[in-house]
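# Structural description and commentary
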Amino acid sequence: MARITAGVGCSHVPAIGIAMDTGKTEEEYWKPVFAGFEKSKEWMKEANPDVIFLVYNDHCTAFDSSIIPTFALGCAAEFQPADEGWGPRPVPVVKNHPVLASHIAQSLILDEFDITIMNEMEVDHGLTVPLSVMYGQPEEWPALVIPLAVNVVMYPAPTGNRCFQLGKAIRRAIESFDEDLNVVIFGTGGMSHQLQYKRAGLINPEWDNAFLDRLTSDPVGLSQMPHVEYLREAGSEGVEMVMWHVMRGALDDEVTEVHRHYHVPASNTAVGHIILENKT
Amino acid sequence: MPTKKDYEDIPGTFVFDADRARVGYHLNQFCISLGKAAGRDAFKADPEGYLTRYPMSEEQKQAVRDRDWNRMLELGGNIYYTSKLAAFDGINFQNLAGLMTGMGVEPYREMMLNGGRSIEGNRYKSEWEEE
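Let us look at the structure shown here. Everything numeric in this text was worked out from a predicted model, so none of it was measured.

Per the secondary structure count, chain A includes ten helices and ten strands. In summary, chain A has a C-alpha radius of gyration of 17 Å against a globular reference of 19 Å for 280 residues, a match within 12%. With respect to the principal axes defined by its C-alpha atoms, chain A has extents near 45 × 40 × 40 Å. Going through the 280 residues of chain A one by one, you find that 57% of them count as buried.

Bringing unusual backbone geometry into the picture now. Residue and element names in this part refer to chain A. In this chain, Y155 is followed by P156 through a cis amide linkage whose omega measures 0°. With omega at 0°, the peptide bond leading from G190 into M191 counts as cis. On the secondary structure map, M191 appears in the loop between β8 (182–188) and α7 (205–217). In the Ramachandran plot, N48 falls in the positive-phi region, its phi being about 45° despite a non-glycine side chain. On the secondary structure map, N48 appears in the loop between α3 (38–47) and β2 (51–56).

Residues and elements named next belong to chain A. Here A250 shows up in the loop between α10 (242–249) and β9 (255–266). Residue class for A250 comes out buried when judged on the 27 C-beta atoms lying within 10 Å of it. The residues contacting A250, other than those within four sequence positions of it, are I4, G7, G167, K168, I170, R171 and I185.

What follows concerns the nonpolar core. If you look at the biggest cluster of nonpolar residues, it comprises 127 residues, and the most contacted ones within it are L54, I104 and M243 of chain A. Per-element accounting of this core gives the leading share, seven residues, to helix α6 (residues 160–175) of chain A.

On to helix α5 (residues 125–135) of chain A, then. Here α5 of chain A lies mainly inside the structure; eleven of its eleven residues are buried. Looking one or two places after α5 of chain A, you find G136 of chain A, whose phi comes out positive at around 75°.

Let's shift gears to the sheet that holds β9 of chain A. Residues and elements named next belong to chain A. Read from one edge of the open sheet, eight strands run β6-β3-β7-β2-β8-β1-β10-β9, paired in mixed fashion. The open sheet terminates on both sides in strands that have one partner only, identified here as β6 (116–118) and β9. Adjacent strand axes in the sheet meet at a mean angle of 20°, parallel and antiparallel pairs treated alike. Here strand β1 (residues 3–10) pairs with β8 via seven bridges, running parallel. Bridge pairing links G7 to I185 in β8. Helix-sheet contacts for α10 involve β1, β2, β7 (144–150) and β8, and the interaxial angle to β8 is about 160°.

Moving on, we come to the interface of chain A and chain B. Each partner contributes to the interface: chain A provides 31 residues, whereas chain B provides 42 residues. Counting residues per element, the ones that place at least two in the side of chain A that touches chain B are α9 (227–234) and β9 of chain A. The dominant element in the side of chain A that touches chain B, judged by the number of residues it contributes, is α9 of chain A, at four residues. Tallied by class, the residues present in the side of chain A that touches chain B amount to 14 nonpolar, ten polar and seven charged.

Residue and element names in this part refer to chain A. The buried count for β7 comes to seven of seven residues, which makes it a mostly enclosed element. Residues of β7 alternate between two faces, with L144, I146, L148 and V150 on one and V145, P147 and A149 on the opposite face, all of them buried. Pairing of β2 with β7 involves six bridges; the strand directions are parallel. Each residue of the ladder has a partner; that of V55, found in β7, is L148. With three bridges joining them, strand β3 (residues 71–74) and β7 adopt antiparallel strand pairing. Residue pairing in the sheet places L73 in a bridge with L148 of β7.

Rules of the game
- Residues numbered from 1 in each chain as written.
- Chains lettered and ligands numbered in written order.
- Predicted model: local features only at pLDDT ≥ 70, side-chain atom pairs only at ≥ 80, totals over all residues.
- Helix = DSSP H or I, 4+ residues; strand = E, 2+ residues; numbered from the N terminus.
- Rg over C-alpha atoms; globule rule 2.2 N^0.38 Å.
- Buried ≥ 20, exposed ≤ 12 C-beta atoms within 10 Å, placed from the backbone.
- Contact = placed C-beta atoms within 7 Å.
- Core = buried A, V, L, I, M, F, W, Y, C linked by C-beta atoms within 7 Å.
- Pairing = 2+ DSSP bridges.
- Axes fitted to C-alpha atoms, helices over the stretch in contact; angles between N-to-C directions.
- Nonpolar A, V, L, I, M, F, W, Y, C, P; charged D, E, K, R; others polar.

Next up, the structure:
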């Protein structure tokens, strides 16, 4: 049986990917960002997942304004890193476990989550930056990756509760798959940041750290947070953090926090990262 | 029943909701077309001609000509789209943010290095004099 053993929460700031791709990780500005992922890379080697279920948002790359699916599941055999205006990132192609992906699609829809199926899709920094910080710069990604793109660009994003419930449905789907697979689920985006208009540059470390605390201690309560609190307290783009609830919902009620990293700034953004393991 | 917009009292913020996405549709589609080399080349070769391919309002077109980044957001633009126009001009995301705040690029970068903009005094429009 396939099983979810752990969850990873992680920012996906594009500038982090650019810093890695252009060899700037040792610069003073970037050092503390990457130092917090050293333990994570060790943990990834140890955890050695067969499959990563990666929840992220597309930044108008695969989807422009003409089509805005709330939940889109990648079912293609592989996904090429996209050109986002400055050339594709020099990272490996992302390979799927397409049999598991289509099983999950079928299971989710019958479980009343009306997701969109993507049989062709390019992936942007939202998906590749978390892989980069967790794996470094390998020739091939060591795990297969199932992408789930969530709309958080156009308001309203799905509610935290909906995301949390979707996480539970993803777990049911994965656990009903016969192959013996170790799956780690990623929830990405955040933490506090506002990229636009006159309040740009907002950072709220107290709020961010309370969010990280409650992710372990009070995940259900946290998932009930209304959108306006993200927008007000964590910035207009901070609402991305609803995606972390998909990850959390797929884990046990009781989890062990094995690692946490928080740093300000990376470009306009607070970087947050957490690793949670199921106890069972 | 009208849609409840409990986020409209956040200062210095345009939440890109479904209404704004509708109003800004052609502006955003124009901007995202610059994410690909073909769009950039065509816009560079004939800026005015290229703008006519997108049925934007005259106000939206003027905001594009003026590179008035905040005005574009007021007219339904979204930052992930307008940032492609900024990238066309060689302006990165952080510098674009610096321009939108009115602070300028260097003071903004300095603010971010010092921990960013505090939440204190920045939660409600009533806390800002100008809005």
